[in-house]
Structures are given as C-alpha cells and as structure tokens.
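Structural overview for review
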Amino acid sequence: MILKTMIKKLIEFLTSLKLFNKNGTNKVNLPIYVDNPEKIVKVIFSPLNVKSDRKSIKSNAYRGPAGKDEVSVMRQDYCSPTFCKQHGKKIQAPKEKKAYFGFGLLTAEKIRNVGANVEYTPEEHNDFHADIKIGYIPEKGQELPAEYKYKVDEMTNASKIYPDPNPDSNEWEGEDLIY
Amino acid sequence: MTEYKLEDGNDMDSRGLELYLENIENPPSSTSTQISYKPPMVGTGIKRFFITETLAGTLAISSLGNVFKDGRVKLKTPVFSENSLNDYNNTIEEPHDEYIDTLNKLISHKVNITRVDMVERVMAFRSLNQNWDGYGAIPLEVKSAANAVRFIYFLNDRIIERISDFHPNPNGTFSLVWENEFDERLALELGNNTLSYYVKFNSQDPMFFNDIENNDKEVNRISDFIKAL
C-alpha cells in the first residue's frame, strides 16, 4: 500500500516536471528570450493563407486578430516539425477553406529586421508557443496603417514556404526546415 | 551640258551610274533633252566626262544591265547568296522579331480576374465563419465588404485585371495587391470607412497613405500608381 502510494506520488512528480509526454518531445525549460538565429514556424492553411501559385504565402497568415497584437508561431529549434504539424492539424477546418497546408519559416532575426518582435508565450498545451508582435493592435473593421501593413508584407515575403508533401499523414515527411 | 568629274573613269559601273542618274532626271521620252555618252580620256589621272544629250548614247549604255527598258528605269536584278541571307537574319530578322516580342510583352496583360469575379469573391468572404483562421479571426465586415465593392466599381477594367492578390484579414478588413515582376507593388486595405495603402518602387523608399476616402478622385490617384508598376 505504501509502495503504491509512493509510486503514485513519483509519477505525479515526474508528470509535473513534464519530462515526458505523448508527443515524445524532450521538454526542457526554454530560454525566455528568443534568440536571433532561432527558427520560427507559422502553420499555414489553404486556400486562405496560400496564393494561387501555391508557392507563396498571403500576408493574412502573419496578421493577428482584432484587439490583440499577436501572431501565434512556434519555436521550431526546440520542437520537431511533426509536433508543429500535429498542432496545426488540430485547428484545421477543410470545409471552411482552412486545410492544413504546411509551414512558413522565418528566423527571429528576420522578424526583428522588419521592425517587429517575437516573444516567448508558452501555452497550456504548447510549450513552444511564441507570438510575433508588430507594435500595433488592429481594430475590428479598421484598416491597418500603411506602415504596419508594409511591415507585415515584408515579413511575409521573407518567409520561406514548406508545403507538406503528405498532409494526411500524422508525421512530417517533408524536408528539414532550414532557413 | 552637264559636267561630271570622276576619280576613276575606268570604272564602268561608276560611269553607268552617272549616266543612269542623268537619265532619271532626263528620261529618254522627253523631247527637250538628249543624252549622249562620250568615252573618258585615256591615259590621264583624272577623267572628265562631257555628256551631251542624244538618244544614241542612251542606247549604248543599255548593255550595262538594261537600265532603260520601254522608257522606264529598271534596276539591276539583285543577286542573293547564302551569306547575305545569314547576314540578313542575324542583323535584321532576329533583332526585329526580338523587338516585336518585347513590345508584345509590354503591351499584353494577363487577365487575372474580372470585376464581376472580384465582387463575388468579396461576397464569399462575408460567409466565413467566426475564428476562420483558428486564432480568432472574424468574417469580412459588412461595411468593409461594401467599401470594397464600391472601390472595385471605381476601378478601370484593366486595373482590375492586373490584381495580383486579394484576401480577407483576421480583423474583418479586405486587402488588394498589385505587383509587378520586379517586386514593386501597391498594397491596399479597405476598412469599414476608409482605406490605406503603400506604394513600393525599387528606386525609392515606400510611400504611405492613410485614412484615404473611397471616392473616384482618390481611386484615380491609386490607379495612376498602379499604371506605373
């Protein structure tokens, strides 16, 4: 009985450390500051985020919602492309023109070069979550000032697109994400 | 009488040309003039001709290539060789074709979309669900959609056909982009009441325009920028 209790407490302790999880990521405490060379991944959906040539991304992929200056991304240096894919597929909705397509890849340095920033903002189910901030909170129904629109577009154009060769698979089967 | 001076009177072609030109000015059918031919003086460095106007002289030079026939001037039949054809192709034909191709590229345009198509797309974005991007995006606002349709109807057909991209934004606005092959662009966003845009040419810093009224005067200005792309 005591042994059972001890084992139970041990499991709870290990779980609280989050050393192991179903996705198989080796979770460690990430540095709070997102360093310049870090790879930043944005999950891309089609057709809403992808241009008709399917080789480039629309700038709405790097736009945040009304009332928030944040664009959800992931710190890919600390997690696998498979993790990023599985996270993206959780929120896809193909019937609503939002089918998981692949990734847009940037570095923190590229983001900062256009005058934006990327900050580490872990979430309950995503310890690798970060937010791109452009320095302006968009309002509902209000066009973005041209200067910020330019910033977002430059960031979009700097992004490297990685279409998923097999979106239906649960694993990332594409090439390594290299910027 | 007309006096001609030649460097080398032994050049029969030159003499023939001189007489040919003379006959252009005074054709054989004319009664007021007569052409004659007098051989050059032999043995002198500079030969001089004194041409009198007799019909006999005209007939004497007809052996140079039937310059005259039936009172009309006739040119010698040109002779083409393979070399001259190659030269023609390299120096005239090919550059000419290239020039025409370049012109066609400049004046032709790819029809990306029509006015009716654009309006339909705008209306379709109105039917997007809440949270359409998974991060809290809202559908295209009614007023932004109306603003977009009004803007589209101000545009000339050729400007519409050159639209490179368009999309809804997560905060309910609508974006349009015109871009050329040199990455120069005009990117525009329509909100509920006004619009903003920037123009980026490679030769200068981007220009920014905010809180722009959606009327024909402003749209004409925007169209002028687009034409410059």
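Model, not experiment: these values are computed from the prediction.

Before going further, it helps to spend a moment on the overall build of chain B. Helix and strand content of chain B: 7 helices and 9 strands. Within the span of chain B, comprising 229 residues, buried residues form 40% of the whole. Here the contacts in chain B between residues at least 6 apart in sequence split such that 49% fall between residues at least 24 apart. Accessible surface, chain B: about 13700 Å² in total, of which carbon and sulfur atoms supply 52%.

All names here are of chain B. For chain B, the mean per-residue pLDDT works out to 74, and 57% of the residues sit at or above 70. This stretch, residues 30–53, has a pLDDT under 50; its non-local contacts, to residues over four places away or in other chains, come to 59 contacts. Every residue in residues 56–67 is under pLDDT 50, and counting partners more than four places away or in other chains gives 21 contacts. Across the interface, the model reports ipTM at 0.82; the global pTM reads 0.68.

Cis geometry is found at the peptide bond from S46 of chain A to P47 of chain A, where omega equals 0°. Locating P47 of chain A in the fold gives a position in strand β1 (residues 39–47). Backbone geometry places D183 of chain B, a non-glycine residue, at a positive phi of 65°. Along the chain, the position of D183 of chain B falls in the loop between β6 (174–179) and β7 (185–190).

Residues and elements named next belong to chain B. The strand order across the open sheet built from 5 strands is β5-β6-β7-β8-β9, with neighbouring strands paired in antiparallel fashion. The open sheet has two edge strands, β5 (165–168) and β9 (207–212), and neither has a second partner. Strand-to-strand, the axes of this sheet are offset by a mean angle of 10°, without reference to chain direction. Of the pairings in the sheet, the one linking β6 to β7 comprises 6 bridges and is antiparallel in character. Along β7, the bridge assignment pairs V177 with A187. Taken strand by strand, helix α4 (residues 115–125) contacts β5 and β6, and its axis lies near 25° from that of β5. In this fold helix α5 (residues 142–154) packs onto β6, β7 and β8 (195–200), with an angle of close to 135° to the strand it touches most, β7.

What follows covers the packing of aromatic side chains. Within the structure shown, the criterion is met by 12 aromatic pairs over all chains. Look at Y150 of chain A and Y198 of chain B: their rings are 5.1 Å apart centre to centre, the planes differ by 80°, and that puts the pair in the edge-to-face class. Of this pair, Y150 of chain A sits in helix α4 (residues 146–158) while Y198 of chain B is found in strand β8, placing the two residues in two different chains. Grouping residues by exposure puts Y150 of chain A and Y198 of chain B together as buried. Where Y150 of chain A meets F208 of chain B, the ring centres are 5.7 Å apart and the plane angle is 70°; that geometry is what we call edge-to-face.

Next up on the list: α5 of chain B. Residue and element names in this part refer to chain B. Between its terminal C-alpha atoms α5 stretches 19 Å, which fits the 18 Å expected from 13 residues at 1.5 Å a residue. Among all positions in α5, only S144, A145, N147, A148, V149, F151 and I152 are buried. Turning to α5, the residues buried within the fold contact α4, α6 (157–161), β6, β7, β8 and α7 (216–228).

Quick look at the interface of chain A and chain B now. Opposite the 31 residues of chain A that make contact, chain B presents 40 residues. Of the roughly 2800 Å² buried between chain A and chain B, counting both surfaces, carbon and sulfur atoms make up 52%. Taken as a group, E143, K149 and Y150 of chain A account for 21% of the area that chain A buries against chain B, more than any other trio of residues on that side. Between the two partners, chain A and chain B, sit 4 salt bridges. Residue E189 of chain B pairs with R63 of chain A through a salt bridge whose shortest N-O separation is 2.9 Å. Those elements that place two or more of their residues in the side of chain A that touches chain B are β1 and α4 of chain A. Take the side of chain A that touches chain B: its biggest share by element is 7 residues, from α4 of chain A. Along the lines of polarity and charge, the residues of the side of chain A that touches chain B split into 10 nonpolar, 7 polar and 14 charged.

Moving on: the sheet that holds strand β3 (residues 98–107) of chain A. Residues and elements named next belong to chain A. Sheet architecture is open: 6 strands sit in the order β4-β5-β2-β1-β3-β6, paired in antiparallel fashion. Every other strand in the sheet has two partners, leaving β4 (117–120) and β6 (160–163) as the edge strands with one partner each. Direction aside, the axes of adjacent strands within the sheet are offset by 40° on average. Across the face of the sheet, helix α2 (residues 81–90) comes into contact with β1, β2 (71–75) and β3 while running at roughly 140° to β3.

Conventions and cut-offs
Residues numbered from 1 in each chain as written. Chains lettered and ligands numbered in written order. Predicted model: local features only at pLDDT ≥ 70, side-chain atom pairs only at ≥ 80, totals over all residues. Heavy atoms only, no water. Helix = DSSP H or I, 4+ residues; strand = E, 2+ residues; numbered from the N terminus. Buried < 20%, exposed > 50% of the residue type's maximum accessible area, 1.4 Å probe, protein only. Contact = heavy atoms within 4.5 Å. Areas by Shrake-Rupley, 256 points an atom, 1.4 Å probe, with all protein chains shown as cover. pLDDT = per-residue confidence, 0-100. Pairing = 2+ DSSP bridges. Axes fitted to C-alpha atoms, helices over the stretch in contact; angles between N-to-C directions. Phe/Tyr/Trp six-rings, centres within 6.5 Å; stacked < 30°, edge-to-face > 60°. Expected span 1.5 Å × (residues − 1). Buried area = accessible area lost by both parts, 1.4 Å probe. Salt bridge = Lys/Arg side-chain N within 4 Å of Asp/Glu carboxyl O. Nonpolar A, V, L, I, M, F, W, Y, C, P; charged D, E, K, R; others polar.

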